[in-house]
Amino acid sequence: MVRDYSTFLPPSTAMDAPALPMLTRLGWQSFFAQQIDADALTRTPPARVTRVNRTTVHLLGDGIDMVLPLVSDLAVGDWVLLEEDRAAVAEVLDRKSLIKRRAAGHDRQVQLIAANIDTAFVVTSCNQDFNVARLERYLALAFEAEVDPVILLTKPDLSEDVATFVAEAAAISDMVPVLAVNAKSAEVAAQLAGWCKPGRTIAFLGSSGVGKSTLVNALSGTLTAETQGVRTGDDKGRHTTTRRELHLVSGGFAVLDTPGMRELQMTDAADGIADVFSDLADLAGGCRFSDCSHTVEPGCALKAGIAAGDLDPARLERWQKLVAEDAHNSATLAERKSRDKALGKTIKGIQKKSRK
Ligand SMILES: Nc1nc2c(ncn2[C@@H]2O[C@H](COP(=O)(O)OP(=O)(O)OP(=O)(O)O)[C@@H](O)[C@H]2O)c(=O)[nH]1
Ligand SMILES: [Mg+2]
Ligand SMILES: [Zn+2]
C-alpha cells in the first residue's frame, strides 16, 4: 500500500490545527506524561502504535516513524517507550482505555481491538445493517472499555426513513448521542468537531460497508483509506479494510479505522452491559427476590413493567442474553487461565527435575 505522507506534514490550510507538537497530534495526554519523568522522556522516547502486524509494529513519535519487532499484548493505540538505542520497545505505558472482544474462531482468545481511544463512533447505516441488538453489543464494549460511544447513522441520503432509524437508535441509551451523517458529504468534519479536538483519538467501529473508511477520508481531507461499494440487494460490505490502522489527520487528532467485525462476543463486560441496560438494572432493584431471574418469580418488577406496557419484553430478553453470554465466556476464560497456570507449573516442575 502506498502511504499518504501528506497527512504527517505540518498543517497548512485554514481548517488545520495550529502548529501542535507532534506528540500532542498523536494523542499524547497528561495521563501518559505523568507516567514518566522528563529525563526518561528524552532517553527512552515515547511512540504510538499505529499498526500491529504479525511479527512487527509500526510506531510514530516525535521524529520517529519506524517498524520494530512486536512484543506481546500490544494493541493499536498503545503508547510505548523505546529502548535508549531505539532498537526495541522497552515498555508499554498504562492504558487510559482498552477495547477488547472475545475473538471469533475456535481458540476464542481475547482480542485487543484498540487502546487509548477517547471516543468510539459506532457506525451503522440507515438500511438493513441497522440492528438494535448489535448496537447494544458495541455500546457495552465501549462502556466496558471506558470509552465514550456515539452512534453514527450513515447513508441518510439513501433512506426515506431517517427519523425512524434515529429514534430507534436514540432509544437504546440516554448516555449515547446519535447523529445521522452522510459520510460522503462535506459536513462530516463540522458534525463531528465536538469529539475531534486536537490531541484526541477517535475510532470507527461497525460492520463492513457502513462507511468507516469513508468517514476517515472525510476527516482527513485526503484518500487515506481504501473504500469500496457495497453489495446490491443486501447492502453488505466487501471487507475492504483488512487491518486496524491509526491515521494522523491534519486537524491534529488521531483516527482509528477498523475492519468490519462479523461477530461481537461479550467477555468480561458485565459493567458495560449494566451501563447499556441501567434502566432495567434499576427496575430490577424493585423485584421481591434479590436473585430474581425475571421469569417465574412473584413480585418481579420487570414482569410488572412488561404487563403495564412500560417495558419492551424483547429488550429484557436481549439484556438477559448478553448477561448470560458474558458470564459464560468470562467463566470459561478464567477457567482456561487457571488451567494454563497449572500446566505451566507442571512443565516448570518437569524441567527442574530433568535439570537435576
Ligand atoms: N450514499 C452514501 N454512501 C456512503 C455513505 N457512507 C459510505 N458510503 C459508501 O458505502 C461504501 C462502503 O464504504 P466504506 O467506507 O468502504 O465502508 P467500511 O465501513 O470502511 O467497510 P469495510 O472496510 O469493509 O469494513 C462506499 O461505496 C461508500 O462510498 C453515505 O453516508 N452515503
Ligand atoms: Mg473500511
Ligand atoms: Zn424480577
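A few points on the structure. Treat the numbers as computed from the prediction; the structure is a model and nothing was measured. (Residues numbered from 1 in each chain as written. Chains lettered and ligands numbered in written order. Predicted model: local features only at pLDDT ≥ 70, side-chain atom pairs only at ≥ 80, totals over all residues. Heavy atoms only, no water.)

Looking at the sheet that holds strand β5 (residues 89-92)
- Pairing is antiparallel in the open sheet, where five strands are placed in the order β3-β2-β1-β4-β5. Edge positions in the sheet fall to β3 (64-69) and β5, since each of these pairs with one other strand and no more. Ignoring strand direction, the axes of neighbouring strands in this sheet form an average angle of 40°.
- Note that strand β1 (residues 46-52) and strand β2 (residues 56-61) share five bridges and pair antiparallel. Looking across to β2, one finds that A47 is bridged to G61. (Pairing = 2+ DSSP bridges. Helix = DSSP H or I, 4+ residues; strand = E, 2+ residues; numbered from the N terminus. Axes fitted to C-alpha atoms, helices over the stretch in contact; angles between N-to-C directions.)

Topic: the coordination of the magnesium ion (ligand 2)
- For the magnesium ion (ligand 2), the full set of protein donor atoms is S213 (OG) and T241 (OG1), at a range of 2.0 to 2.1 Å. Here S213 is found in helix α7 (residues 212-220), whereas its partner T241 is found in the loop between α7 and β12 (245-249), with 28 residues between them in sequence. Residues S213 and T241 agree in their burial class; the two are buried. (Donors = N, O, S within 2.8 Å, 3.2 Å for Na, K, Ca; no water. Buried < 20%, exposed > 50% of the residue type's maximum accessible area, 1.4 Å probe, protein only.)

What to know about the side chain of R48
- Considering the arrangement of structural elements, one finds R48 in strand β1.
- Buried and unpaired, R48 has no salt bridge, with D118 as the nearest side chain of opposite charge at 6.5 Å.
- Here the side chain of R48 touches G77 through a polar contact of 2.9 Å, landing on its backbone oxygen. (Lys, Arg positive; Asp, Glu negative; His and termini not counted. Salt bridge = Lys/Arg side-chain N within 4 Å of Asp/Glu carboxyl O. Polar contact = N/O pair within 3.5 Å; in protein donor to acceptor, adjacent residues only side chain to side chain.)

Looking at the side chain of H247
- Positionally, H247 belongs in strand β12.
- Setting aside anything within four residues of it in sequence, one finds H247 in contact with V216, T224, F253, A254, V255 and D257. (Contact = heavy atoms within 4.5 Å.)

Observations regarding the sheet that holds strand β10 (residues 178-181)
- Judged by pairing direction, the sheet is mixed, and its six strands sit side by side in the order β10-β9-β8-β11-β13-β12 without closing on themselves. Looking at the sheet topology across the chains shown, the edges are occupied by β10 and β12. Ignoring strand direction, the axes of neighbouring strands in this sheet form an average angle of 25°.
- Pairing geometry for β12 and strand β13 (residues 253-257), over five bridges, is antiparallel. Paired with H247 across the bridge in β13 is V255.

Let's talk about the nonpolar core
- Ranked by internal contacts, the top residues of the largest apolar core, which has 49 residues, are I99, L139, I151, L153, I273, L302 and W319.
- Per-element tally for this core: the top contributor is helix α4 (residues 132-145), with nine residues.
- With residues up to four places along the chain from it excluded, the contact list for L302 reads L280, L283, A284, C287, H294, L311, L316 and W319.
- Membership of the second largest hydrophobic core comes to 20 residues, among which are V123, V181, F204 and L215. (Core = buried A, V, L, I, M, F, W, Y, C linked by side-chain atoms within 4.5 Å.)

Let's talk about the pairing of β2
- Burial analysis of β2 places five of its six residues in the buried class, which makes it a mostly covered element.
- A loop of two residues connects β2 with β3, the two strands running antiparallel in sequence, and G63 in this loop sits at a positive phi of about 75°.

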